[in-house]
Amino acid sequence: MLARLSIRDIVIIDRLDLEFGPGFGVLTGETGAGKSILLDALSLALGARGDASLVRAGAERGQVFAEFDLSPQHPAFDLLREQGLDAEPPLILRRVQSADGRTRGFANDQPVSVLILREIGQLLVEIHGQHDERALVDAATHRGLVDAYGGLDPLLQATREAHAALSGARRDHQEAETQLEEARRDADYLQHTSDELDKLAPEPGEEERLAETRQRLMTAEKIAGDLKDAVEAVGGEQTPVQQISAVLRRLERRSDDPGGMVAPLANALSSALDALGHAREVAENTLREAAFDPLELERTEERLFALRALARKHAVTVEQLPALREQLHGKLVALSEGEARLAALADAVKKVQSDYRTAAIALSKARAKSATALAKAVNGELPALKLERAHFSIEIETEDPEATASADGVDRIVFHVQTNPGSAPGPLMKVASGGELSRFLLAIKVALAGRGSAPTLVFDEIDTAVSGAVSEAIGARLQRLSEGGQVLSVTHSPQVAARAGRHFLIAKSDAAPQRVATQVTLLEDDARHEEIARMLAGATISDEARAAAGRLIAEAR
């Protein structure tokens, strides 16, 4: 419920702090005292359109604070959590309106957009009056009220789930159909390119391997001549091995070597022969390892250049060619299997279409029963509201589920009224007058009795231009409504005010020379009795008016 409302510098309100309680409360006062300003300020806190004219003259900004006592499980907290904001009771909505037209919104002192503020406000408070259009014009609202009255949430949820499945199946079918059409248009290109890639059969990492082989072969080509010369020098016909061997043999036969003069030379020549033999072995091994095959270089370059040319043709890297090949294979497979897959998806659409139809028809049948019951309940309230010759009905237009599907079903629901016998029924807002509209609205809200309503209901002068008997009936129904939630009513009717549990008097007082300000006082006992007598008698309160006020209060109790 709305627990507290604080207003700062709004129109003719300087500073105002109000505490509300549960049940039924009324706000009364002379015309022009500021009742409408109070509701404008509350609406501002709930996300209504801002206006620089709301700021009190001479002030830089105006502010409104609305504090609500709510269960931690209230949907308003879920909405805050969806926005990534802290959501702990109590909930305080704050709106700042600057004199330059700028406006800011806060929820529990956390900045929020005006749109989010409005969404939260719609979950907390409904403000209704003679010219209210929000709850009565929008056909979607009518449908929601019928659903709420019949407790149709499970059927509605089943329909929404079936609609989500149908939308998904239709989307999958459409995507498959689009892909198949594209594949058909590109079939020749796909086949040609796929054959081209299959012929070349690129492998992952192949470009790097080919480039390394090419570099090795080109290097081998350059050093092959030098390696052959080295082999020839240490092992060919010009090698000194034979001469050195012959000299070494002659020296080794010298047994008469005086003083060992020949031995060091023989040892040196023997080492030279060993070194030349090792050099020959190394040279021959190196030549074999660096063997240059011109045909292998040609084949390597041919494949490397072919891969790179194909990559350029398809605007990819050589490394991406294997993936492109697989992708084209997939498209060709999809093309060959596309017809079968498309047929399977079409069957899936038919299946979920049937599921949606079943759910939507079940919801429609339940709505028809709920609408009949709601219309009966509303019509039962009309005689006491002096609308005994009027008739309330609910028109349901149901479309074909095969042709039309929405998440909320296939029903369009509009509230109709017939104000007099013989007249043609029509949409409520077009047929009912201002006074009739407010009474129809009250009858609807009483019939709903808390179902499909915000926890706080505010009625703005819905008892205007009605008789005392009708005012009495309106007061009784507002009192009954307050048993299931908080009800606040701005009223000029003493019959309505007498039934309230809390009575606030709105009046203007002098705040400074040449300036007045709105003040609000919670009336107790004698003061409340006197205010109801004033509402009955006018400017001069008579003893008869006081006695009548006492009777009204007593009867209300």
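In case you missed it, the structure is sitting above this.
Owing to the predicted nature of the structure, the values given are computational and were not obtained by experimental measurement.

> Is there a simple way to think about helix H1 (residues 35–45) in this case?
One turn of an α-helix holds 3.6 residues; hence residues three or four places apart share an orientation. With respect to burial, H1 is a largely interior element, eight of its eleven residues being buried. Phi turns positive one or two residues past the end of H1, at Gly 47, with a value near 100°.

> Help me understand the packing of aromatic side chains in this model?
Both the distance between ring centres and the angle between the ring planes are used here to describe each pair of aromatic rings. Applying the stated rule across the entire model yields two aromatic pairs. Ring geometry for Phe 392 and Phe 415: centres 5.3 Å apart, planes at 65°, overall edge-to-face. Highlighted residues: Phe 392 in strand S9 (residues 391–398) and Phe 415 in strand S10 (residues 411–418), separated in sequence by 23 residues.

> Teacher, can you tell me more about the pattern of salt bridges here?
Proximity of charged atoms lets side chains of opposite charge pair with each other. According to the stated counting rule, one finds 28 salt bridges in the structure shown. Among the ionic pairs, Arg 4 bridges to Glu 67, the shortest N-O distance being 2.7 Å. With Arg 4 in strand S1 (residues 2–10) and Glu 67 in strand S4 (residues 61–68), this pair connects stretches of sequence that are 63 residues apart. A relative accessible area of 30% means that Arg 4 is categorised as partly exposed. Residue Glu 67 is classed as buried on the basis of its relative accessible area, which comes to 16%.

> Please clarify how empty space enclosed by the protein should be interpreted in this entry.
Which parts of space are left empty comes out when a probe the size of a water molecule is rolled across the atoms. Evaluation of the coordinates by the stated rule reveals one cavity of 30 Å³ or more. When its volume is computed, the largest cavity comes out at roughly 70 Å³. Leu 2, Leu 5, Phe 20, Leu 27, Leu 38, Leu 39, Leu 42, Val 458 and Leu 488 together form the lining of the largest cavity. When residues of the lining of the largest cavity are traced back to their parent elements, those giving at least two are S1 and H1. Among the elements that line the lining of the largest cavity, the one with the most residues is H1, at three residues. Residues belonging to the lining of the largest cavity are distributed by class as follows: nine nonpolar, no polar and no charged.

> What's the story with the nonpolar core in this structure? I'm lost.
Most often, soluble globular proteins have nonpolar side chains that are buried together. Counting 49 residues, the largest nonpolar core has Leu 374, Phe 392, Ile 394, Leu 442, Ile 474 and Leu 478 as its most contacted members. Considering every element that reaches this core, the biggest residue donor is helix H13 (residues 434–448), with eight residues. Ignoring anything within four residues of it in the chain, the contact list for Ile 474 reads Leu 385, Arg 439, Leu 442, Ile 462, Asp 463, Val 466 and Val 496. Judged by nonpolar contacts, the second largest core, of 45 residues, contains Leu 38, Ala 41, Leu 46 and Leu 91.

> Is there a simple way to think about helix H6 (residues 187–200) in this case?
Here H6 contains 14 residues, and its C-alpha end-to-end distance of 20 Å stays within 8% of the 20 Å for a straight helix at 1.5 Å per residue. Every buried residue of H6 is listed here: Leu 190, Thr 193, Ser 194, Leu 197 and Leu 200. Each buried residue of H6 sits inside an arc of 125° when the element is viewed along its axis, so together they form one side. Pointing more than 90 degrees away from the buried face of H6 are the exposed residues Asp 188 and Lys 199. Ala 201 sits one or two positions beyond H6 and adopts a positive phi of about 50°.

Reading the values: rules and limits
- Residues numbered from 1 in each chain as written.
- Predicted model: local features only at pLDDT ≥ 70, side-chain atom pairs only at ≥ 80, totals over all residues.
- Heavy atoms only, no water.
- Buried < 20%, exposed > 50% of the residue type's maximum accessible area, 1.4 Å probe, protein only.
- Helix = DSSP H or I, 4+ residues; strand = E, 2+ residues; numbered from the N terminus.
- Phe/Tyr/Trp six-rings, centres within 6.5 Å; stacked < 30°, edge-to-face > 60°.
- Salt bridge = Lys/Arg side-chain N within 4 Å of Asp/Glu carboxyl O.
- 1 Å grid on protein atoms, 1.4 Å probe; cavity = no way out; pocket = protein on both sides within 12 Å on 5 of 7 lines; lining within 4 Å.
- Points joined across faces, edges and corners; volume = space filled by probe spheres on them.
- Nonpolar A, V, L, I, M, F, W, Y, C, P; charged D, E, K, R; others polar.
- Core = buried A, V, L, I, M, F, W, Y, C linked by side-chain atoms within 4.5 Å.
- Contact = heavy atoms within 4.5 Å.
- Expected span 1.5 Å × (residues − 1).
- Arc of directions from axis to C-beta.

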